[in-house]
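# Structural description and commentary
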Amino acid sequence: MHMSRGTRGAVMAVCATLLLATSACGDDQPEEATAHQVRLYGTDGNMSNSYAEELGDRANLVDGMKGTTPLTPLPEDFKKRLLSVDPKLDGFLYAAESYDAVVISALAAEVAGTTDPAAIARQIVGVTNTGTRCGTVAQCLRLIREGKDIEYRSVSITRAGFTDVGEPATASYATLHFDGQQLNDAKTEFVGAGDESAASNKRPPRGNTSSADGPLVIGGLLPKTGDLAIAYPPLAAGAALAIKEINAAGGVLGEEVVWVDGDDGTNPAIAKATVARHVDGGVHVIIGAGGSGISAAVLEDVVKAGRILFSPSNTAANLTEVDDRGLYFRTAPPDGLQGRALADVILRDGPQKIAIVARKDSYGEGLQGIVRAELERAGFGGDKVKLLGYQPGEDANAAPIDFSAGAKEIKDFGADAVLIIGFGESAAVVRALADANVPLAALANS
């Protein structure tokens, strides 16, 4: 199906406006979409090899699925170091962000000269923006011990440091492609987003010189179980590698950093219980939660206890303005940037009608709204975009979601593109679409 002049113009306008131009923008033609095929698109919560495993013997349904995720081109050396702590890793989603969250916390404590969470929090933004640039744990710690300010750059923090509110000023996004039941790394495309001028230029207060208050204790609040468990292995590997390398470089304030494991369960109740254990156990910095909605649910508890919550994978835009008393940080960029990248990916294929299915939480509904707004800017009004949602289960043992009614709505709507915003549980949406005889591109090509 060839794009009309109006639709093609809208795509080019989006590319120019969003500064997300790729080889698909300009005079190149979009990928052809067969009239009766429906393309699937995903986001950072489901664009991983583990997602195909959620579909079991129907894993072929993801063939041809595309999606975006915050991701920088990872150096081969970094991948090898990750595999040294977990040889079974089959993906690296958010591993770099997890590594950097732990490293930045340690560097901030070294600068602060104390393990007091409030003092550490005051240094976190500064270690990414002020002073001599350094790119390894050992190099950064050596500079700090020499009394120098640093500007940390590493695997996920590359072009610019943190903003005043403690999140990346710039980001790199990858467009991922499923070929069969696996992501094809050879097709991965990278594009930069964000504004370097948004990075903070405030100088942090000088740290203390005393280090006599015990070791820095960092606790995990990562999704070992629940809907986001598919993302746990690389998150855990990134944190483990950081702890290993920090301690190999002499630890923090003369003592080895202590890691205390913890599960967020992709569930507020489980996450709250883990936070309570960490507080009772003397944890200073909590790395997590995995999902934005889980962090939003536990943040009040963390702040009340005077601890730091530092997430490697929260992307909900509304967390930028959350009332955190300066104790919440993230290495993952906000979804305002990902929404633009997603809209660009979808529009390049020249769809006529788009359905956006999102899990009902701050992550899903927030990103759904951002993508819808970007599509509207490209000329896709209410008659061309359909929004649907589903309620995720409360825990890992909950019954699979029933999306049969939603699948019928999508079929009746005549969508030729379906964006699914969710975690592992959203595989039920894919199954429901196939069961409703929605003509998925994967089935047409099988």
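Residues numbered from 1 in each chain as written. Predicted model: local features only at pLDDT ≥ 70, side-chain atom pairs only at ≥ 80, totals over all residues. Heavy atoms only, no water.

### Side note on unusual backbone geometry
The linkage connecting Gly288 with the following residue, Ala289, adopts the cis geometry, with an omega of -5°. Of note, Ala289 is situated in the loop between strand E10 (285-288) and helix H9 (292-304). Of note, the phi angle at Thr266 is positive, near 50°, even though the residue is not glycine. Along the polypeptide, Thr266 turns up in the loop between strand E9 (258-260) and helix H8 (268-280). The phi dihedral of Arg325 is positive, around 55°, even though this residue is not glycine. Note that Arg325 resides in the loop between strand E11 (308-311) and strand E12 (328-330). (Helix = DSSP H or I, 4+ residues; strand = E, 2+ residues; numbered from the N terminus.)

### Observations regarding the pairing of strand E1 (residues 39-42)
Burial of the side chains of E1 extends over both faces: Arg39 and Tyr41 are buried on one face and Leu40 and Gly42 on the other. Bridging between E1 and strand E15 (residues 417-421) involves three bridges; their strand directions are parallel. When the sheet's bridge partners are listed, Leu40 is paired in E15 with Val418. In the classification by handedness, the crossover that spans E1, the intervening helix H2 (residues 49-54) and the parallel strand E2 (residues 66-70) is right-handed. (Buried < 20%, exposed > 50% of the residue type's maximum accessible area, 1.4 Å probe, protein only. Pairing = 2+ DSSP bridges. Right-handed = clockwise from strand over helix to strand, strands pointing away.)

### Quick notes on the pairing of strand E14 (residues 385-390)
Inspection of the sheet shows strand E13 (residues 354-359) paired to E14 by six bridges, in the parallel sense. Residue Ala358 lies in a different strand from E14, and its bridge partner there is Gly389. Once the chain exits E13 it traverses helix H11 (residues 362-377) before rejoining the sheet at E14, and the crossover so formed is right-handed.

### Let's talk about the sheet that holds E11
Pairing is parallel across the open sheet formed by five strands, whose spatial order is E9-E8-E10-E11-E12. Only two strands of the sheet have a single partner each, and these edge strands are E9 and E12. Recorded for the sheet is a direction-independent mean angle of 25° between the axes of neighbouring strands. As judged from the three bridges shared by E10 and E11, these two strands associate in the parallel manner. Paired with Val285 across the strands is Ile308, a residue of E11. Each of E11 and E12 is contacted by helix H5 (residues 117-124), which is oriented at about 40° to E11, the strand it contacts most. (Axes fitted to C-alpha atoms, helices over the stretch in contact; angles between N-to-C directions. Contact = heavy atoms within 4.5 Å.)

### Let's talk about the packing of helix H3 (residues 76-85) against helix H7 (residues 232-248)
When two helices pack together, their arrangement is given by the angle between the helix axes and the distance between those axes. Where H3 meets H7, the closest approach of the two axes is 9 Å, and the angle between their N-to-C directions is 95°. Classified by the angle their axes make, H3 and H7 are roughly perpendicular. Only Ala237, Gly238, Leu241, Lys244 and Glu245 of H7 make contact with H3, whose side of the interface consists of Phe78, Arg81, Leu82, Ser84 and Val85. Looking at side-chain class alone, the contact of H3 with H7 contains five nonpolar, two polar and three charged residues. (Parallel < 35°, antiparallel > 145°, perpendicular 65-115°, else oblique. Nonpolar A, V, L, I, M, F, W, Y, C, P; charged D, E, K, R; others polar.)

### Overview of the packing of helix H4 (residues 95-112) against helix H6 (residues 137-145)
One can describe the packing of H4 onto H6 by two numbers: an axis separation of 10 Å at closest approach and a directional angle of 15°. On the basis of their axis angle, the class for H4 and H6 is roughly parallel. The hand of the H4/H6 crossing is right-handed. Side by side, H4 and H6 meet where Tyr99, Val103, Leu107, Glu110 and Val111 of the first sit next to Val137, Cys140, Leu141, Ile144 and Arg145 of the second. Residues belonging to the contact of H4 with H6 are distributed by class as follows: eight nonpolar, no polar and two charged. (Left-handed = near helix turned anticlockwise from the far one by under 90°.)

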